[in-house]
Protein chains: 2
Amino acid sequence: MFPFQNIITIDKGSKTPLYRQIAISIINKIRTGTLKAGTPLPGTRELSKLLGVHRKTVIAAYDELHAQDWIIVIPRKQVTVSKQIPVLKAKNWSQKEAASSYQNTFSLPFHKAEEKTSDKKILTAPEILIDDGYPDIRLSPIEDLLKIYRSYTTRKYAVKNAIVGTTQGTLKLRNELVNYLSKTRGLNITADNLLITHGAQMSIYLASQLLLDKDATIITGNPDYPIANKTFARTKATLIEVAVDENGLDMAAVEKICKKKKITAVYVIPHHHYPTTVTLSVQRRMKLLELSHQYSFAIIEDDYDYDYHYASSPFLPIASGSHNGNIIYMGSFSKILGPSIRIGFMIAPKNFIEQCTMLREEIDFGGDGYMQNALAELIKNGDLSRCLKKTKKSYHQRRDYLDALLKKHLGDSVSYSLPDGGMAIWIKINPTFSVNKLESVPQLHIKRIHTQENAFRFGFASMNEPELEEAVLCLKAALEN
Amino acid sequence: MFPFQNIITIDKGSKTPLYRQIAISIINKIRTGTLKAGTPLPGTRELSKLLGVHRKTVIAAYDELHAQDWIIVIPRKQVTVSKQIPVLKAKNWSQKEAASSYQNTFSLPFHKAEEKTSDKKILTAPEILIDDGYPDIRLSPIEDLLKIYRSYTTRKYAVKNAIVGTTQGTLKLRNELVNYLSKTRGLNITADNLLITHGAQMSIYLASQLLLDKDATIITGNPDYPIANKTFARTKATLIEVAVDENGLDMAAVEKICKKKKITAVYVIPHHHYPTTVTLSVQRRMKLLELSHQYSFAIIEDDYDYDYHYASSPFLPIASGSHNGNIIYMGSFSKILGPSIRIGFMIAPKNFIEQCTMLREEIDFGGDGYMQNALAELIKNGDLSRCLKKTKKSYHQRRDYLDALLKKHLGDSVSYSLPDGGMAIWIKINPTFSVNKLESVPQLHIKRIHTQENAFRFGFASMNEPELEEAVLCLKAALEN
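Rules behind the numbers
Per chain, residues are indexed from 1 in the order of the written sequence. Labels are handed out in written order, letters beginning with A for the chains and numbers beginning with 1 for the ligands. At least 70 in pLDDT is required for a residue's local features to be given in this predicted model, at least 80 for side-chain atom pairs to be given and counted, and no such filter applies to totals for whole chains, interfaces and linings, which use all residues. Side-chain metrics in this entry use all non-hydrogen atoms of the structure; hydrogen atoms and water are not considered. Only rings of Phe, Tyr and Trp enter the pairing, Trp through its six-membered ring, and a pair is recorded when the two centres are within 6.5 Å. The plane angle decides the type: under 30 degrees is stacked, over 60 is edge-to-face, the rest tilted. Each helix is a run of H or I in the DSSP string that is no shorter than four residues. Each strand is a run of E no shorter than two, and both are numbered from the N terminus. For every residue, the accessible area (1.4 Å probe, protein chains only) is compared with the maximum for its type, and the residue is labelled buried under 20%, exposed over 50%, or partly exposed between those bounds. Two limits define a charge over a ring: the Lys NZ or Arg CZ must be within 6 Å of the ring centre, and within 35 degrees of the ring normal. Helix span is expected to be 1.5 Å times the residue number reduced by one. The definition of a polar contact used here is a pair of N or O atoms within 3.5 Å, where within protein one atom must be able to donate a hydrogen and the other to accept one, and adjacent residues in sequence count solely through side-chain atom pairs. UniProt positions are given in the numbering used here, feature names are shortened, and annotations may be inferred rather than shown by experiment. We call two residues in contact when some of their heavy atoms are within 4.5 Å. Note on definitions: salt bridges are taken to be side-chain nitrogens of Lys or Arg within 4 Å of carboxyl oxygens of Asp or Glu. Think of a nonpolar core as a cluster: buried Ala, Val, Leu, Ile, Met, Phe, Trp, Tyr and Cys residues, connected wherever their side-chain atoms sit within 4.5 Å. Strands are labelled as partners when DSSP assigns at least two bridges between them. A fitted line through C-alpha atoms represents every axis, and for helices the fit uses only the stretch in contact; the resulting angles, taken between N-to-C directions, go from 0 to 180 degrees. Boundaries of every domain are those given by an automatic assignment or by a domain database. In this scheme, roughly parallel covers angles under 35 degrees and roughly antiparallel covers those over 145, while 65 to 115 is roughly perpendicular and the rest are oblique. Left-handed is the label given to a crossing in which the near helix is rotated counterclockwise from the far helix by less than a right angle, and right-handed is the label when the rotation is clockwise. Throughout, the ten residues Ala, Val, Leu, Ile, Met, Phe, Trp, Tyr, Cys and Pro are labelled nonpolar, Asp, Glu, Lys and Arg are labelled charged, and all others, Gly among them, are labelled polar.

**A closer look at the packing of aromatic side chains**
Inspection of the entire model under this criterion finds 25 aromatic pairs over all chains. Consider the rings of B:F232 and B:Y267, whose centres lie 5.1 Å apart with planes at 70°: the pair is edge-to-face. One end of the pair, B:F232, is in helix α10 (residues 226–234); the other, B:Y267, is in strand β9 (residues 265–268), with 35 residues separating them in the sequence. The residues B:F232 and B:Y267 share a single accessibility class, namely buried. Aromatic side chains B:Y308 and B:Y395 sit 5.0 Å apart centroid to centroid with 55° between the ring planes, which places their arrangement in the tilted category. Highlighted residues: B:Y308 in the loop between β10 (298–302) and β11 (327–332) and B:Y395 in helix α16 (residues 383–410), separated in sequence by 87 residues. Taken as a pair, B:Y308 and B:Y395 share a single burial class, namely buried. A network of ring pairs unites the aromatic residues A:Y180, A:Y329, A:F333 and A:F345 as a single cluster. A cation sits over an aromatic face here: A:K112 above A:F110, 4.3 Å from the ring centre.

**Description of helix α15 (residues 369–380) of chain B**
Every α-helix winds through 3.6 residues per turn, so residues three or four apart in the chain are directed the same way. Residues and elements named next belong to chain B. With 12 residues, α15 should cover 16 Å at 1.5 Å per step; its first-to-last C-alpha distance of 16 Å lies within 8% of that length. Extensive coverage of α15 is indicated by the burial of 10 of its 12 residues. For α15, the N-terminal capping position is held by D368, with its side-chain oxygen 3.1 Å away from the main-chain nitrogen of Y370. Downstream of α15 by a residue or two, G382 has a phi angle that is positive, lying close to 85°.

**A few points about the UniProt feature "domain: HTH gntR-type" (unreviewed entry) in chain A**
The residues that UniProt annotates with the feature "domain: HTH gntR-type" (unreviewed entry) are residues 16–84 of chain A. Secondary structure over residues 16–84 of chain A splits into 51% helix and 14% strand, and the C-alpha atoms at its two ends are 28 Å apart.

**Concerning the environment of A:L206**
All names here are of chain A. Take L206: it is sitting in helix α9 (residues 200–211). Taking relative accessible area as the criterion, L206 reaches 0% and is therefore assigned buried. As a C-alpha pair, L206 and T357 span 151 residues in sequence and 8.8 Å in three-dimensional space. If we ignore the near neighbours within four places in the chain, the residues touching L206 are L195, T197, M346, C356, L359, R360 and I363.

**Considering the pattern of salt bridges**
All names here are of chain A. Tallying each qualifying case throughout the model produces 38 salt bridges over all chains. Close ionic contact of E467 with R138 constitutes a salt bridge, the shortest N to O distance being 2.9 Å. Linking E467 in helix α17 (residues 465–480) with R138 in the loop between β4 (128–130) and α6 (142–153), this pair joins segments that are 329 residues apart in sequence. By relative accessible area, R138 is classed as partly exposed at 29%. Salt-bridge contacts for D364 lead to R360; the nearest nitrogen and oxygen are separated by 2.8 Å. Of this pair, D364 and R360 both sit in helix α14 (residues 350–364), separated by 4 residues, roughly a single helical turn. A single burial state applies to D364 and to R360, both of which are buried. The network of salt bridges with common partners includes D136, R138, R398 and E467.

**Regarding the nonpolar core**
Judged by nonpolar contacts, the single largest core of 238 residues is most densely connected at A:F333, A:F456, A:F458, B:F333, B:F456 and B:F458. Excluding residues that lie within four positions of it along the chain, A:F456 makes contacts with A:I130, A:I425, A:W426, A:I427, A:I429, A:V435, A:L438, A:I446, A:R448, A:I449, A:H450 and A:L475. If you look at the next biggest cluster of nonpolar residues, it comprises 72 residues, including A:A200, A:I363, B:L210 and B:I363.

**Digging into the sheet that holds strand β10 (residues 298–302) of chain A**
All names here are of chain A. Spatial ordering of the open sheet is given by β5-β12-β11-β10-β9-β6-β7-β8, a layout of 8 strands whose pairing is mixed. Each of the sheet's edge strands pairs with one partner strand only, and the pair in question is β5 (194–197) and β8 (248–249). In this sheet, strand β9 (residues 265–268) lies alongside strand β6 (residues 217–222) in parallel orientation, the contact comprising 2 bridges. From the neighbouring strand, I219 faces β9, where its bridge partner is V266. On top of the sheet, helix α10 (residues 226–234) reaches β6, β7 (238–245), β9 and β10; it is set at about 155° to β7, its chief contact.

**Observations regarding the domain arrangement of chain A**
Under the domain assignment, chain A is made up of domain 1 (4–91), domain 2 (128–135 + 388–480) and domain 3 (140–385). Computed from C-alpha atoms alone, the centre-to-centre distance between domain 1 of chain A and domain 3 of chain A is 57 Å.

**Side note on the environment of B:N104**
Within the element layout of this structure, B:N104 appears in the loop between α5 (91–94) and β4 (128–130). Taking the C-alpha atoms as reference points, B:N104 and B:T80, separated by 24 residues in sequence, lie 33 Å from one another. A polar atom in the side chain of B:N104 sits 3.0 Å from the backbone oxygen of A:H323. At a separation of 2.8 Å, a polar atom in the side chain of B:N104 contacts the main-chain carbonyl oxygen of B:S101.

**Structural notes on the packing of helix α9 (residues 200–211) of chain B against α10(B)**
Residue and element names in this part refer to chain B. With their axes 9 Å apart at the nearest point, α9 and α10 run at an angle of 20° to one another. Considering the angle they form, α9 stands roughly parallel to α10. Here the hand of the crossing between α9 and α10 comes out right-handed. Contacts from Q201, I204, Y205 and S208 of α9 reach α10 at I227, A228, T231 and F232. Split by residue class, the contact of α9 with α10 holds 5 nonpolar, 3 polar and no charged.

**Digging into the sheet that holds strand β14 (residues 424–429) of chain A**
Residues and elements named next belong to chain A. Judged by pairing direction, the sheet is antiparallel, and its 4 strands sit side by side in the order β13-β14-β17-β16 without closing on themselves. The strands lining the two open edges of the sheet, one partner per strand, are β13 (414–415) and β16 (449–450). Pairing of β16 with strand β17 (residues 455–459), which is carried by 2 bridges, proceeds in the antiparallel orientation. Of the residues in β17, the one forming a bridge with I449 is F456. In this fold helix α16 (residues 383–410) packs onto β13, β14 and β17, with an angle of close to 15° to the strand it touches most, β14. Of the strands in this sheet, β13, β14 and β17 touch α17, which is tilted by about 160° from β17.

Next up, the structure:
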């Protein structure tokens, strides 16, 4: 008889019940062809002796195998492997079998992303992480948010309420945003003009998928936000990069291009352009609007960094003025709530939002309805505004503190313009030192390095003063080495 | 002089500070061309009188306008609208101006989704909602999950830890899943084979985008999960539908197609096929694996409903056996944690996971790192398994209770096979009554109605016994009317 005691591996210390271990062992031997269709299995009494387990355990294992049709049981007579099991032509493909099937390479053709991302992959938290502009979750109203969240999940109709309108975003949050965005950004919209997304990046993705294709041309800045550019490029659209100077995207250059070529869309980051942190001047905002009407292109206004301004109030969005509806405006709450709470929004005419909602349903159904409703509550009761006021003060101080540290410790090695808002300083390193060398400092990780500009963004908002000092001293040591 | 008191609207009851209201009014008048470049503005003393506000308020408003370059201030002499403002050719486009710009239609060409979704849009929670298989969040371990979550956000290095590896999923969760999935599903993988997604739907989307295009052909079931089919169709791939009988997808039919045509992938829902709730038999599972090797197609194994089985243990995934790596396996935790906590996973060889991760970065960067780590903790400390055991018992009782209710109240009007697992019963309505009529019952909302099969899924897990009874009596009333 087959040496069953050798092919059935059981581990009495495992959390998996013994009967299930036995069943899995037998299934695996059937699947690999070791136990073929029709092979008789030992009786329960015999197998229990062979394995040194209680007979009831073997009975339970056979019940399981029988319930799943792996075996045929003729009571008091015989147990055999089901004859319905296809006879495996095992040698065809299991010859050079890896230890785990998933150690094999996916060997069928598939579309590959254009290029590897330039970000270094980090797997464990480094001692010092310089991000490119994250908020400090220790200052965020996340405690209040989660308190409200928890209160929802115990209520009656909890399930019902969480799925009401979640693909587009819960109506409660959208209604609240209609008021909030009118008050804070002068946007005149209805709940139909809003799609709640997982942050500005998802808005960029959705808009690109609907607007762009191989026949389209989009203008972006140079330098620009690399992930947005990758998203545009994935649609096979042509990208034209236009210089970004101290007033933002160069509109004279945009106009020149429009005169020669049909443009589908212009992507603009009006506040604290990524990566250089400049703000688009009002003159250029108005010029862009004028050009968009004259040459019929869409404006993708990525206002991810609207909330933090230290010198004056933020500029009103281009989308808040009078226009023909072809502006897709996007913002995010991740910059207030923390990078893990990914709630953003897209604003566009109803017909565009409807189509984006349908695409979004295919991507992930929708977001977390409870979290959206909890955010709505936080906006309504004023906690969000109060928190914003408090953190604005802290980030302002942190920006100035980082400025002082940089002047004191790195005065000769770096240059930068202090931004009047946002969460990062764009630091250019003097040409004698390559920014790439910073990648080899073991305790330091810089989230995104811009090799071409020999520069990086130093996110100051997520660090308190001692942390900022530690990071600058670490940079100083690296640059002086 | 210009009637400034008429064009500047202020509301002393508003939460927006007065100075900002004044600034916004003036900006809007400049933007619409009412105030042209070079137009002089009244002095601060004069304007404060005209508006009946304190002079300091006007000074603050002018400071704001000046900081944003809308106006030029020559101290003690003159304030004028900046000459840099482009002169607007207003009539070109603001002639037929809507009350809100976003009431306009997006008028440039863009890609539209193939068809309107068949789901009725619900905006407010109906009295009775019959979902298609949701868990009951009142039974989920969400309290514990959120407690752990909150503890993370106050820790030192909170920010750093949350962004470590979040596009692919935190390493902590992936490592935990390697053990968990080995124990529960017999999957032999490493953390490199895992991508954490927003649930099974995102896995379907990512895999489709990489695998399929206009030259590809995918086999799906009939009837099948409509959103998956829409996702496949978006890639312009050819869809071939194969009958699903009481043993799942008909493999003889799949083989017949393979003999005639190059197949790229087969989409299969092995446990409780959507919508009909049948489970793919072991014979067919093995046949599918054999065919995939013989004809070199990928298997997309959507095992969204692995966790709930009332008769026997779940069948081991096809992906858990020996294969060449061309199986993309996907699962979800939303069925245990609740529909709003969207955490799922995709398993594939490393090279495929890497490319999916890059695409996912463009879609939304990644998920919520804290939530992922909190889930890892819940798995590690055994709370998740304990909860699963408890809810399995409840859902089993609810399934049987619904069965009894249906027999008692709707015996003559419906037919169904009781599923041995999952969270829904597939209910066919007798042909004398059209399932579409249920859409007009005001207090009732059925999440997804299948017109062609005159059927719908009755999700029994999210309702307790009184709620189930209420829903069945509501159906009875509708069917008898």
